[in-house]
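Observations on the three-dimensional arrangement
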Amino acid sequence: MSQTLFDYTRQDAAGACSTAHAWAKVPPMLTPSERSAQAERAAELLRQHDAVLVAHYYVDGALQDLALASGGCVADSLEMARFGRDHPARTLVVAGVRFMGETAKILSPEKRVLMPDLDATCSLDLGCPADDFAAFCDAHPDRQVVVYANTSAAVKARADWMVTSSCALEIVADLHARGQKILWAPDRHLGRYIQEQTGADMLMWNGACIVHDEFKGLELELLREQHPGALVLVHPESPKSVVEQADVVGSTSALIKAVVEGQAQTYIVATDNGILHRMRQLAPHKTLIEAPTAGNSATCKSCAHCPWMAMNGLTNLVACLENGRPEIQVEEDIRVKAQRCINRMLDFTAARKAAASGMTPGIGAA
């Protein structure tokens, strides 16, 4: 069937994405002894407060290591959601960005949810204001509303389904098979990829991740020529010219799984470079090359790192545990509405997981 890509052209995150403010709040570099002392202090505070640390693959490696060492979790947003919901700790500490903390609170309202810095957000979230999105949905009542995890609780409250990059393709394919038309938000690159793979009728919000949107197809082609045996791993939030060159397209956990289980020696990785920490731990003998975000004349040719993820550090983690803040709060009416679309996703993925396990040791759901 022929496909038409619709853009909601009012979307514009210009001015909302204050990356300068984010970079200014990145914690200072610690010496090895300072890192060790802060990690020990954080581990002790986690024990004292019956708290567990849930960290995303994109945050500082020291936080990832602490999460694993203290019985927490390092994962993509889907596994973070599952882990936080099911863990018995009374306090969840989310090292990531704000929508991840909100999701934890939505699923665990009885728990205290802390974050090192509540200003850590996401360009996709910023570029999809709840009121504008509600108006978009109201204009198309015949469509199933499917939103990416990288959105606010208020946007999720307006949705029928929440998805992550590890389950979006399957969920949209299932909806399409049942004759449903889709209203999709907010990432246009992920939406386009899903539409091409499934043939679904999808009306798109016009958003993008400021990190993945910077990968360059031409520069990637030139890099591949320099490394003819390398496999290219791409997150589907990337532009089409990048995705088309991929050997593997998938979520953060899927890309890690590809490195761990792959037979190639060299991998070109097109996602936030925070993922390289876990990849190197799980596949220490593999060669990992960052995909290019700019050309040869640029000051930084491969600099794919989210400034808001970089705001998470050991120093402000210790401070939030000592002070019991900042704490995530979600209004109860929004929380209840948002929980429905998240639970729908979790039930869907749990059923698929029971049918065919996609777990890889040390990684989580692929």
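Residues numbered from 1 in each chain as written. Predicted model: local features only at pLDDT ≥ 70, side-chain atom pairs only at ≥ 80, totals over all residues. Heavy atoms only, no water.

**Re the pattern of salt bridges**
- Considering all chains together, one arrives at 20 salt bridges under this definition.
- A salt bridge links E322 to R41; the nearest nitrogen and oxygen atoms lie 3.3 Å apart. With a gap of 281 residues between them, E322 in helix 15 (residues 314-323) and R41 in helix 2 (residues 32-48) connect regions that are remote in the sequence.
- Owing to a relative accessible area of 44%, E322 belongs among the partly exposed residues under this scheme.
- Between D142 and K181 there is a salt bridge, with the nearest N and O atoms lying 2.6 Å from each other. Of this pair, D142 sits in the loop between helix 7 (130-138) and strand 6 (144-148) while K181 sits in the loop between helix 9 (168-177) and strand 8 (182-185); the two residues are 39 residues apart in sequence, bridging distant segments of the chain.
- Residue class for D142 comes out partly exposed when judged on its relative accessible area of 44%. (Salt bridge = Lys/Arg side-chain N within 4 Å of Asp/Glu carboxyl O. Helix = DSSP H or I, 4+ residues; strand = E, 2+ residues; numbered from the N terminus. Buried < 20%, exposed > 50% of the residue type's maximum accessible area, 1.4 Å probe, protein only.)

**Side note on the pairing of strand 2 (residues 51-56)**
- Buried residues dominate strand 2, accounting for six of its six residues.
- Pairing between strand 2 and strand 4 (residues 91-95): five bridges, direction parallel. Its bridge partner being in strand 4, V52 is matched across the sheet by L92.
- Pairing analysis gives three bridges linking strand 2 to strand 3 (residues 73-75), with the strands arranged parallel. Opposite H56, over in strand 3, you have A75 as the bridge partner.
- Each parallel crossover has a hand, and the one from strand 2 via helix 3 (residues 61-69) to strand 3 is right-handed. (Pairing = 2+ DSSP bridges. Right-handed = clockwise from strand over helix to strand, strands pointing away.)

**A look at the pairing of strand 13 (residues 287-290)**
- Of the pairings in the sheet, the one linking strand 12 (residues 266-270) to strand 13 comprises four bridges and is parallel in character. Looking at the pairing, Y267 lines up with L288 of strand 13.
- Handedness of the crossover is the feature at issue here: the chain leaves strand 12, passes through helix 14 (residues 275-282), returns alongside strand 13, and the resulting connection is right-handed.

Everything listed here is a matter of geometry and, on its own, says nothing about what the molecule does.
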